[in-house]
Amino acid sequence: MEKDTVAIWNTYGTHQLARGVEVPELEQWNWGIEGAGPGIEVLGEVSGLRVLDLGSGLGRHAARLAAAGADVTAVDASPAQHERALARYPQTPGLRLVCADAVDHLRDSDPYDLIYSVCSVPYLDPARLLPALTNALRPGGRLLFPALHTNSAGIGPATQVAARPEILRLPGTTEDHPVNMWTLTPQLWEDLLGERGLIVESVTAIDSPQPDSTVSYRLYCARRPERVPSRPRSSAPPAPTAALGVGVIVHSP
């Protein structure tokens, strides 16, 4: 299923390369619906952070963060999209472009302070993605991604963790492509992230501003908790209610 989605984006990238399409630099950050929802501000201060963009496409979002002082790695599985990004940003300070499967990169990388994806997470099997994603976040690191909530047919999220057919329309085209996506309820996403040790800090609704459109996304912001060191043992016996064990995980403020 995931290979089919990569093939679709690769066909699109090849088409855009052949056309020599010039896309303007990113003016307004969006998480799925242009002109709706929060923008770049939800990422917070990124200067000096080690950042990963999953499914980076043309690389415009990643380049924006690199210009803000972040050390950004932009990963995309499509060779054609990667080629477009390389041609656009051949030697951009703070930006490294990588063509690789998302999970393979996550498994091999050093930990990141911030991982985000503008559109890719719902196309990947969470059972394959989330373990690698969690391990690639440093303690205290953050994850942000949007996921489809209600599609253009008005169908809401699934109540079971399973992929379902959706329609993908690529930017600047009118052709629809059938793909499989994990379109899940916020509770299911929170459960899946929680099973991997991530704490969901916020879920933000992003609804289409068009009155005749039912399309809606949810932006998930999660954090990998810090691990708090144990207190030094004292010579006094422990109180009856003292907690046993070390390495208590707490929710970072």
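Description of the structure in this document. The structure displayed is predicted, hence computed values, not measured ones.

So, the packing of aromatic side chains
Then step 1. Considering all chains together, one arrives at seven aromatic pairs under this definition.
Then step 2. Connected via pairs of aromatic rings, a cluster forms that spans Trp29, Trp31 and Tyr116.
Then step 3. Positioned over the ring face of Tyr112 is Arg50, at 4.0 Å from the centre of the ring.

Let's talk about the side chain of Thr150
Then step 1. With respect to the element layout, Thr150 can be found in strand 5 (residues 137-150).
Then step 2. A relative accessible area of 15% means that Thr150 is categorised as buried.
Then step 3. Contacts of Thr150, omitting those with residues within four sequence positions, involve Ile155, Gly156, Thr214, Val215 and Ser216.

Thoughts on the packing of helix 1 (residues 2-19) against helix 3 (residues 79-88)
Then step 1. One way to put it is that helix 1 packs onto helix 3 with a least axis distance of 7 Å and a crossing angle of 40°. One way to sum up the angle between helix 1 and helix 3 is to call them oblique. Of helix 3, the residues touching helix 1 (which contributes Trp9, Asn10, Tyr12, Gly13, Thr14, Gln16 and Leu17) are Pro79, Ala80, Gln81, Glu83 and Arg84.
Then step 2. Residue composition of the contact of helix 1 with helix 3, grouped by class: five nonpolar, five polar and two charged.

Topic: the sheet that holds strand 5
Then step 1. A sheet is described by the order of its strands in space; here seven strands give the open sequence 3-2-1-4-5-9-8, paired in mixed fashion. Two strands bound the open sheet, and with one partner strand each, they are strand 3 (95-99) and strand 8 (199-207). Looking at each pair of strands side by side, their axes are set apart by 15° on average, direction ignored.
Then step 2. With eight bridges connecting them, strand 5 and strand 9 (residues 216-223) associate as antiparallel partners. Considered in strand 9, the bridge of Leu144 is made with Cys221.
Then step 3. Sitting on the sheet, helix 5 (residues 126-135) is in contact with strand 1 (50-54), strand 4 (112-116) and strand 5, with an inclination near 150° to strand 5.

Points about the side chain of Ser117
Then step 1. Residue position: Ser117 is located in the loop between strand 4 and helix 5.
Then step 2. The buried category is assigned to Ser117, whose relative accessible area is 1%.
Then step 3. Within the structure, Ser117 has its side chain in polar contact with the backbone nitrogen of Ser120 (distance 2.9 Å).
Then step 4. Setting aside anything within four residues of it in sequence, one finds Ser117 in contact with Trp31, Leu54, Leu144, Phe145 and Pro146.

What to know about helix 2 (residues 60-67)
Then step 1. Burial in helix 2 covers these residues: His61, Ala62, Ala63, Leu65 and Ala66.
Then step 2. Phi for Gly69, located one or two positions after helix 2, is positive at around 100°.

Describing the nonpolar core
Then step 1. Counting 30 residues, the largest nonpolar core has Leu106, Ile115, Leu129, Leu143, Phe145, Trp189 and Leu193 as its most contacted members.
Then step 2. What Leu143 contacts, discounting residues up to four positions off in sequence, is Ile115, Leu133, Leu137, Leu193, Leu198, Tyr220, Cys221 and Ala222.
Then step 3. Judged by nonpolar contacts, the second largest core, of 26 residues, contains Val46, Ala85, Leu114 and Val118.

Describing the environment of His105
Then step 1. Residue position: His105 is located in helix 4 (residues 102-108).
Then step 2. As a C-alpha pair, His105 and Ala132 span 27 residues in sequence and 8.9 Å in three-dimensional space.
Then step 3. In this structure His105 touches Leu52, Thr73, Val75, Arg96, Val98, Ala100 and Tyr112, once residues within four positions along its chain are discounted.

Overview of helix 1
Then step 1. If you check helix 1, its first and last C-alpha atoms are 26 Å apart, about what 18 residues at 1.5 Å a residue would give, namely 26 Å.
Then step 2. Within the sequence span of helix 1, burial applies to Glu2, Thr5, Ile8, Trp9, Tyr12, Gly13 and Gln16. One side of helix 1 holds all its buried residues, which, seen down the axis, span an arc of 135°. Away from its buried face, by an angle of more than 90 degrees, helix 1 presents the exposed residues Lys3, Asp4, Thr11 and Ala18.
Then step 3. Considering only its buried residues, helix 1 is in contact with helix 3, helix 5, strand 6 (164-169) and strand 7 (176-181).

Rules of the game
Residues numbered from 1 in each chain as written. Predicted model: local features only at pLDDT ≥ 70, side-chain atom pairs only at ≥ 80, totals over all residues. Heavy atoms only, no water. Phe/Tyr/Trp six-rings, centres within 6.5 Å; stacked < 30°, edge-to-face > 60°. Lys NZ or Arg CZ within 6 Å of the ring centre and 35° of its normal. Helix = DSSP H or I, 4+ residues; strand = E, 2+ residues; numbered from the N terminus. Buried < 20%, exposed > 50% of the residue type's maximum accessible area, 1.4 Å probe, protein only. Contact = heavy atoms within 4.5 Å. Axes fitted to C-alpha atoms, helices over the stretch in contact; angles between N-to-C directions. Parallel < 35°, antiparallel > 145°, perpendicular 65-115°, else oblique. Nonpolar A, V, L, I, M, F, W, Y, C, P; charged D, E, K, R; others polar. Pairing = 2+ DSSP bridges. Polar contact = N/O pair within 3.5 Å; in protein donor to acceptor, adjacent residues only side chain to side chain. Core = buried A, V, L, I, M, F, W, Y, C linked by side-chain atoms within 4.5 Å. Expected span 1.5 Å × (residues − 1). Arc of directions from axis to C-beta.

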